[in-house]
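A structural walkthrough
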Amino acid sequence: MGNGKGREREYNMFVLQMALLLFIGKQSFAQIRYSIPEEAKEGTAVGNVAKDLGIEITSLSDRRFRVVSGSKETFFEVNQDNGALFVHRKIDREELCNGGGSCLMELKILVENPLEMHYVVVEITDVNDHFPSFAETEQKFEIFEQTLPGRRFQLHAARDPDAGINSIRTYTLTANDYFEVDIRQNDEDKIPFLVLKKSLDREQKNKHTLLLTAVDGGKPPKSGKLNVSIIVLDSNDNRPMFSQEIYQITIPENVPVGTSIFQMNATDPDEGINSEIEYNLSKTLKKKVYDIFELDKLTGEIRVKGVVDYEENDVYKLDVEASDKGTPPLTGECRVIIQIKDVNDNPPEIDVTSLSNIVSEDSKPGTVISLLSAVDKDDGVNGKIITSITSEVPFELKPSYKENIYSIVTKGFLDREKVSHYEISIKATDCGEPPLSTVKTLRILISDVNDNRPQFDQNPLQFYLIENNVAGKSIFSVSATDEDVNDNAAISFHVIRGATENDITSFLNINSENGDILALKSFDFETLKTFQFQVVATDSGTPSLSSNVTVNVFILDQNDNAPVILYPVSSNGSAEGVEEIPRNVNAGHLVTKVRAYDADIGYNGWLLFSLQELTDHSLFGLDRYTGQIRTLRSFTETDEAQHKLVILVKDNGNVSLSATATVVVKVVEPKEAFAASDVKSAAMDEEENNVTFYLMITLGSVSTLFLISIIVLIAMQCSKSTDYTSKYLQEPNYDGTLCHSIQYRSGEKRYMLVGPRMSIGSTIAPGSHANTLMLPDRRTAGEA
């Protein structure tokens, strides 16, 4: 538009100059003005120059017209035939006049014959033939979302080659809530501005696409469009957000370490670094939480770090923070509640709260010996407990009013002597799947009560004592046992004393601690063969208990008595005698019989006879068992009239003892022998009567004592029916030595020791080569 005004100003100066020339009388040029629209096509008549200049048509053939333009090319030509000015080529007003307000073209018309210069001004009037256009099809803006309303952003201005009313008249913007267009007039130009009328929120809409329309004033109006893109730049104005304020999850206990149990997911509507989120556990949690759980700060994954134990804690509360990386960073919070599900991983525990591990054996049934409780750290069914005693013991469980608390009581009588202690196995099993159990063993000791008397191994006791024992020494020992223990089993012994001083017990003493019995005197078998006394064993319990035993002592014989010659005996007491026999006796004639006695018994009293000295060995013989002296042959005239025989009598003891007797045999004529025989027989009868009397007294005493001993032995063995028959070897030649015997029993064996017979008619028959009689038991079929 500025260019149009300049041209109009030049044109006005040109008109003034021409008028001045005319004024001075020179009429060599004229000025004509035409107007045509710019859309005029080629050949369109602009005006008739000849006519307008006053040139007659008849003279046109003589004159020529030529258009002189200032530009290299001309848009107009003059028709030579009629002098009309027409459009020679299409006129582009916008190109020709640069879109100015008035578009004037100054043409110089040269007319020949005569030469004249005429000026023609052609005004090219505008036609709305152009659309407003923008230099670019799209314009982008980047605006921070925190930009305040009212902020202006210059838009690209549209260009419209048309001028005047056909030029751009206004701008319009797509309807929206955030922007509007404002037009600022700058001379003829209109400059559009984008104005922010409402705060942006990138999180709601991060990009706005608008359409700016430039509209001209033509009729009809034309328009051009510009795409306007607004990128909303993020500001850290949004904190990370979780989908829930509280999350609740359930996991089983004993989850393996490293197991992922939950994935945190926070969102931040911001973008870029403002939306990058880091997860952290709150700093205010209990220390145990950090030991059991860990949170991946980048992924938000919660993993198990330590042992998860329901019994230690059944719920954990984790406060989780999500922070972005904006400046300053913003943080969102939530809480994760982790419920722990119980697993049957704990066996029951048995706790003995009260235990009397020593129970008296006289405790009555129902006596409480212990209190115990069973607990299981698990919950629900996993914590239900079944408790029982699994061992065979005289005890049982009694439940109390409170669950899982029991008392152990006796259910029968106790006997320490049978069972001194018990192992009570208590089993507690829960009801989980699979069930877990615990076994606890209680050792119960049974304390002793003095309920048992001392006991001897057997009653009565039998001891065999060799005579001539050393006075003051132990001769044997008694022992007793007591099934009780400690003081109740500490036994002391004493002998029941008789009332008289001569009682046999006055010669005995007993060690109260070990039962050793000492003899205060030496016993003689020949004087005392057996005696009896009682020993009492007493324990140290309270009250004390005791028992007694009968002790039968049998004195055993020793070879302490030498044989005694009973015949021959002289008047002075020596063992010498004279025997007269007729000379005419035959071989085998009994000269005499040496009689001897040994107070010992058995082998110690079994006597053997032998000839120690003899005048003629061929004449006399001696029976070694009977002591009979017999002739071996008949006497001859040459035989001496007197013979001396020394007979040795010895027993069969280990160390044998002996005695000798001397017999003088006088050989006389038959008549002398008969007379002497009558005298001698009378004397011998008298002597034998005396000896027999004393022997009978002695034998009666011994037999009486022996009979008493036999009766005692039979009484002690009355429970056993035994038939004894004496068996011994018969010796037909034994008919001279008197024997006696005594019987002993040792256990199931019975012995009879045989010695010299003391009188004819004794209950014991004469001995044999072996004077020990064997008395085997003959038991009935019922006892066998």
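In the block above lies the structure referred to throughout.
Notes on the structure in this doc start here. (Residues numbered from 1 in each chain as written. Predicted model: local features only at pLDDT ≥ 70, side-chain atom pairs only at ≥ 80, totals over all residues. Heavy atoms only, no water.)

**Topic: the sheet that holds strand β34 (residues 474-477)**
The three strands are arranged β34-β38-β37 in an open sheet whose pairing can be described as antiparallel. Taken across any chain shown, the strands that pair with only one partner, and hence form the sheet edges, are β34 and β37 (508-510). The sheet shows a mean angle of 25 degrees between the axes of neighbouring strands, direction not considered. Pairing of β34 with strand β38 (residues 516-519), which is carried by three bridges, proceeds in the antiparallel orientation. Residue Phe476 lies in a different strand from β38, and its bridge partner there is Ile517. (Pairing = 2+ DSSP bridges. Helix = DSSP H or I, 4+ residues; strand = E, 2+ residues; numbered from the N terminus. Axes fitted to C-alpha atoms, helices over the stretch in contact; angles between N-to-C directions.)

**Re the side chain of Asp216**
Here Asp216 is to be found in strand β13 (residues 207-216). Of the side chains with opposite charge, Lys222 lies nearest to the buried Asp216, which makes no salt bridge, at 6.6 Å. In this view, Asp216 contacts Asn128, His130, Pro132, Asp160, Asp162, Ile165, Asn166, Ser167, Ile168, Arg169, Pro221 and Lys222; residues no more than four positions away in its chain are not counted. (Buried < 20%, exposed > 50% of the residue type's maximum accessible area, 1.4 Å probe, protein only. Lys, Arg positive; Asp, Glu negative; His and termini not counted. Salt bridge = Lys/Arg side-chain N within 4 Å of Asp/Glu carboxyl O. Contact = heavy atoms within 4.5 Å.)

**A short note on the sheet that holds strand β33 (residues 461-466)**
One open sheet accounts for four strands, arranged β33-β40-β39-β36; its pairing is mixed. Strands at the two margins of the open sheet, each flanked by one partner only, are β33 and β36 (492-495). Shown here is a sheet whose adjacent strand axes are inclined to one another by a mean of 30 degrees, direction ignored. Pairing geometry for β33 and strand β40 (residues 546-556), over six bridges, is parallel. Residue pairing in the sheet places Leu465 in a bridge with Ile555 of β40.

**As for the packing of aromatic side chains**
What the rule picks out here adds up to 14 aromatic pairs. Ring centres 6.5 Å apart and planes at 50 degrees place the aromatic pair Phe456 and Phe493 in the tilted group. Remark: Phe493 occurs in strand β36 and Phe456 occurs in strand β32 (residues 455-456); sequence separation between them is 37 residues. Like Phe456, the residue Phe493 is buried in the burial classification. An angle of 5 degrees between the planes, with centres 4.2 Å apart, marks the rings of Phe463 and Phe476 as stacked. Residue Phe463 is located in strand β33, and its partner Phe476 is located in strand β34; the two are separated by 13 residues in the primary sequence. The pair Phe463 / Phe476 is uniform in exposure class, with both members buried. Each residue in the set Phe463, Phe476, Phe523, Phe531 and Phe533 is aromatic and connected to the rest through ring pairs, giving one cluster. (Phe/Tyr/Trp six-rings, centres within 6.5 Å; stacked < 30°, edge-to-face > 60°.)

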